[in-house]
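Inside the fold
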Amino acid sequence: MTAYAAVVLSGGAARRMGGVDKPARPVGGRPMLHRVLAAVADAGERIVVGPAGLVPEGVRVTREEPPGGGPVAGASAGLALLGAGATTVALLAADLPLLTPAAVAELRRALDGSTAGVACYVDGDGRRQHLCAVWRVTALRAALDRLAAERGGTVDGAPVRGLLAGTTVREVSWSGSGPAPWFDCDTDEDVRRAEEWTR
C-alpha cells in the first residue's frame, strides 16, 4: 500500500451534546480524538482540523476557513497542509471512538485494489459513511475544486455527500469482528454505548 496521510475533522459544534468539546469526551479512558489518531498512528502525516487544545505532539493543527465552516471546509484546510509525498489520505471525523488500525487498513486495501477515487464504509442499510473514508489525494482535490466552482468559489457550509457526488466510490462493507468502526458519538447515549463496547 502507498504512503498515506490522515486528516481528522474536530471542529464541529456538537449541538446535540449542548456544545461541549466532543472530541475531548473520553471513551474507554481516552479522548475520542486520541482514539481516532491512534487508529492512524502509521500515517506519514497526521493533521487535525479544529481547536489545538487536545492535539498531541507530532500532529499538525489547522482551522477551517471560516471557523465552523463545516467538514468540507475542514477537508480543504487539512489538504492544504499535506506534503507532496502523500498520495492517499484518510478523511475522518474526530468522534469515531471505535475506529481501529485494521478498519483503516481495510479501506486502504480497498482503494489500492480499485480505480476509485475514494473508498468508504457503507452501513447495513447502504448508507455511505462519508467521514470514515480513504481518498486518493488527486481525487479529493478535484472534488473540492468542483464543489467550490459550483458554489461560487467557496466550500463553506457544503455538504460532505457533495464531495462524493462526482467521484467514483468504492463502497466497503465492514467484515471485521466487533462494532462498526464508523459508529459516531452525536449524543450522550452514543457515548455510553461506545463505552460499553470498549469494556
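Details of the structure are given in the entry above.
Residues numbered from 1 in each chain as written. Predicted model: local features only at pLDDT ≥ 70, side-chain atom pairs only at ≥ 80, totals over all residues. Heavy atoms only, no water.

Digging into the pairing of strand β8 (residues 128-136)
- Where strand β6 (residues 88-93) lies against β8, 5 bridges are found, and the strand directions are antiparallel. Within β8, the position partnered with V89 by the bridge is W135.
- One ladder, built from 4 bridges, connects strand β7 (residues 118-122) with β8; its direction is antiparallel. If you follow V118 over to β8, its bridge partner there is W135.
- Between β7 and β8, which pair antiparallel and follow one another directly, the connecting turn spans 5 residues, one of which, G126, has a positive phi of 85°. (Pairing = 2+ DSSP bridges. Helix = DSSP H or I, 4+ residues; strand = E, 2+ residues; numbered from the N terminus.)

Quick word on helix α4 (residues 137-150)
- The terminal C-alpha atoms of α4, which comprises 14 residues, lie 20 Å apart, in line with the 20 Å expected from a rise of 1.5 Å per residue.
- For α4, every residue scored as buried is listed here: V137, A139, L140, A143, L144, L147 and A148. The arc enclosing the buried residues of α4, seen along the axis, measures out at 170°, which places them on a common side. The exposed residues of α4 that point more than 90 degrees off its buried face are T138, D145, A149 and E150.
- Buried-residue contacts for α4 involve α2 (71-81), β6, β8 and α5 (161-165).
- Downstream of α4 by a residue or two, G152 has a phi angle that is positive, lying close to 70°. (Expected span 1.5 Å × (residues − 1). Buried < 20%, exposed > 50% of the residue type's maximum accessible area, 1.4 Å probe, protein only. Arc of directions from axis to C-beta. Contact = heavy atoms within 4.5 Å.)

Comments concerning the sheet that holds strand β9 (residues 169-173)
- Reading across the sheet, the 7 strands line up as β5-β4-β1-β6-β8-β7-β9 and stay open at both edges, with mixed pairing between neighbours. Unpaired on one side and paired on the other, β5 (60-62) and β9 mark the two borders of the sheet. Neighbour-to-neighbour, the strand axes of this sheet turn through a mean angle of 25°, independent of strand direction.
- Sheet topology note: the β7/β9 ladder contains 5 bridges and is parallel. Within β9, the residue paired with V118 across the bridge is V169. (Axes fitted to C-alpha atoms, helices over the stretch in contact; angles between N-to-C directions.)

Focus on the nonpolar core
- Ranked by internal contacts, the top residues of the largest apolar core, which has 31 residues, are V72, L82, V89, W135 and L163.
- Among the secondary structure elements, those contributing two or more residues to this core are β1 (4-9), β4 (45-49), α2, β6, β7, β8, α4 and α5.
- It is α4 that provides the largest number of residues to this core, a total of 7 residues.
- Sequence-distant contacts of V72, defined by excluding residues within four places in its chain, comprise L144, L147, V155, A158, P159, V160 and L163.
- Counting 30 residues, the second largest nonpolar core, distinct from the first, contains A43, L96, V104 and L107. (Core = buried A, V, L, I, M, F, W, Y, C linked by side-chain atoms within 4.5 Å.)

Examining the packing of aromatic side chains
- Following the criterion strictly, the structure yields 3 aromatic pairs and no others.
- Aromatic side chains Y121 and W174 sit 5.9 Å apart centroid to centroid with 85° between the ring planes, which places their arrangement in the edge-to-face category. With a gap of 53 residues between them, Y121 in strand β7 and W174 in the loop between β9 and α6 (188-198) connect regions that are remote in the sequence.
- Given a relative accessible area of 0%, Y121 falls into the buried group.
- Residue classification places W174 among the partly exposed positions, given a relative accessible area of 21%.
- Ring pairs connect the aromatic residues Y121, W174 and W182, which therefore count as one cluster. (Phe/Tyr/Trp six-rings, centres within 6.5 Å; stacked < 30°, edge-to-face > 60°.)

Take it as geometry only, folks, not as evidence of what the structure does.
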